[in-house]
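# Coordinate inspection notes
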Amino acid sequence: MDAFIRNDQFNFISYQTQVLINGHAAVNDLGVLQALRALVRDKVMDLFEEPGSQETNLIEKITDIKDSNHAEEYLEELKEYVIPFYSVNEKALKKMFPKVKKLRVPDLKGMDYKALSYLGWNDFGQESKYIVANVDGKLKGIKGTFKNSSKKGLCTICHTFSEVGLFVSQSKKTSQGTFVKKGNYICQDSMECNGKLKGLDKLDDFIERVNH
């Protein structure tokens, strides 16, 4: 069976396992638990358009989860079928940011690509943040200034409250030939942000805004 689960879908499934754990800890009514299992199953199945029989059998194992140990085993099995983010090297990253003379790249060898929906890293010395994301089937590099905030806020990408900073990108307005700056508060830690993503809508909206 080939990998068929995106990182954000895996995160959503992981969240649903916690829903089941909490349900079993708080409820004794078998009817209520059966309804909860059915609801979780439907939510997870809705993530996939046309899963095959093998994929369906694997996904439906989630309804057997009652405690955290079982959930860990299930998610460990599921992790094998997570689609990794595009593997990139330093040369490829430098091509995406040709105007940056001394690009500081992250530790690519130690990167867990299965835990990524996008690649993001900070250059605190230059007060910059770099993001590499899938845009229409191709990798796109986006650079912006980045200043940490002293308060927690809502991240534009993962839509959860976390330690955020202001990411300001600059794009050229073709009709007038002027540059336009666009600011968004996003997670300071991109790996943490990737771990909280439970869908791609917010990420796609963010990329669309800063890319035009």
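Residues numbered from 1 in each chain as written. Predicted model: local features only at pLDDT ≥ 70, side-chain atom pairs only at ≥ 80, totals over all residues. Heavy atoms only, no water.

- The protein chain appears in an unreviewed UniProt entry as FusB/FusC family EF-G-binding protein from Rossellomorea oryzaecorticis.

### Brief notes about helix 7 (residues 201-210)
- Along helix 7, the residues that are buried comprise Leu203, Phe206, Ile207 and Val210. The buried residues of helix 7 occupy one face: seen down the axis, they fall within an arc of 95°. (Buried < 20%, exposed > 50% of the residue type's maximum accessible area, 1.4 Å probe, protein only. Helix = DSSP H or I, 4+ residues; strand = E, 2+ residues; numbered from the N terminus. Arc of directions from axis to C-beta.)

### Some details on the nonpolar core
- Among the nonpolar cores identified, the biggest contains 22 residues, and Ile5, Ile13, Val44, Ile62 and Leu78 are the most heavily contacted of them.
- At the level of secondary structure, the elements contributing two or more residues to this core comprise helix 1 (7-26), helix 2 (30-45), helix 3 (53-60) and helix 4 (68-79).
- When residues in this core are grouped by element, the largest group, 5 residues, is from helix 1.
- Each residue touching Ile62, except ones within four places of it in the same chain, is listed here: Ile13, Gln16, Thr17, Leu20, Val40, Val44 and Tyr74. (Core = buried A, V, L, I, M, F, W, Y, C linked by side-chain atoms within 4.5 Å. Contact = heavy atoms within 4.5 Å.)

### Focus: the packing of helix 1 against helix 2
- The N-to-C vectors of helix 1 and helix 2 enclose an angle of 180°; their axes lie 10 Å apart at closest approach. One element, helix 1, and the other, helix 2, form an angle in the roughly antiparallel class. Judged by residue contacts, Phe12, Ile13, Gln16, Val19, Leu20, Gly23 and His24 of helix 1 engage Leu33, Leu36, Arg37, Val40, Lys43 and Val44 from helix 2.
- Counted by class, the contact of helix 1 with helix 2 contains 8 nonpolar, 3 polar and 2 charged residues. (Axes fitted to C-alpha atoms, helices over the stretch in contact; angles between N-to-C directions. Parallel < 35°, antiparallel > 145°, perpendicular 65-115°, else oblique. Nonpolar A, V, L, I, M, F, W, Y, C, P; charged D, E, K, R; others polar.)

### Comments concerning helix 3
- Looking only at helix 3, the buried set comprises Glu55, Thr56, Leu58 and Ile59. The buried side chains of helix 3 occupy one side of the element, clustering within an arc of 165° when seen end-on. Facing away from the buried side of helix 3, by more than 90 degrees, are the exposed residues Ser53 and Gln54.
- Along its buried surface, helix 3 packs onto helix 2 and helix 4.

### Considerations on the environment of Leu33
- Considering the arrangement of structural elements, one finds Leu33 in helix 2.
- The exposure class of Leu33 is buried, given its relative accessible area of 7%.
- With 165 residues separating them along the chain, Leu33 and Lys198 place their C-alpha atoms 24 Å apart.
- Once residues lying within four places of it in the same chain are set aside, the contact partners of Leu33 are Gly23, His24 and Val27.

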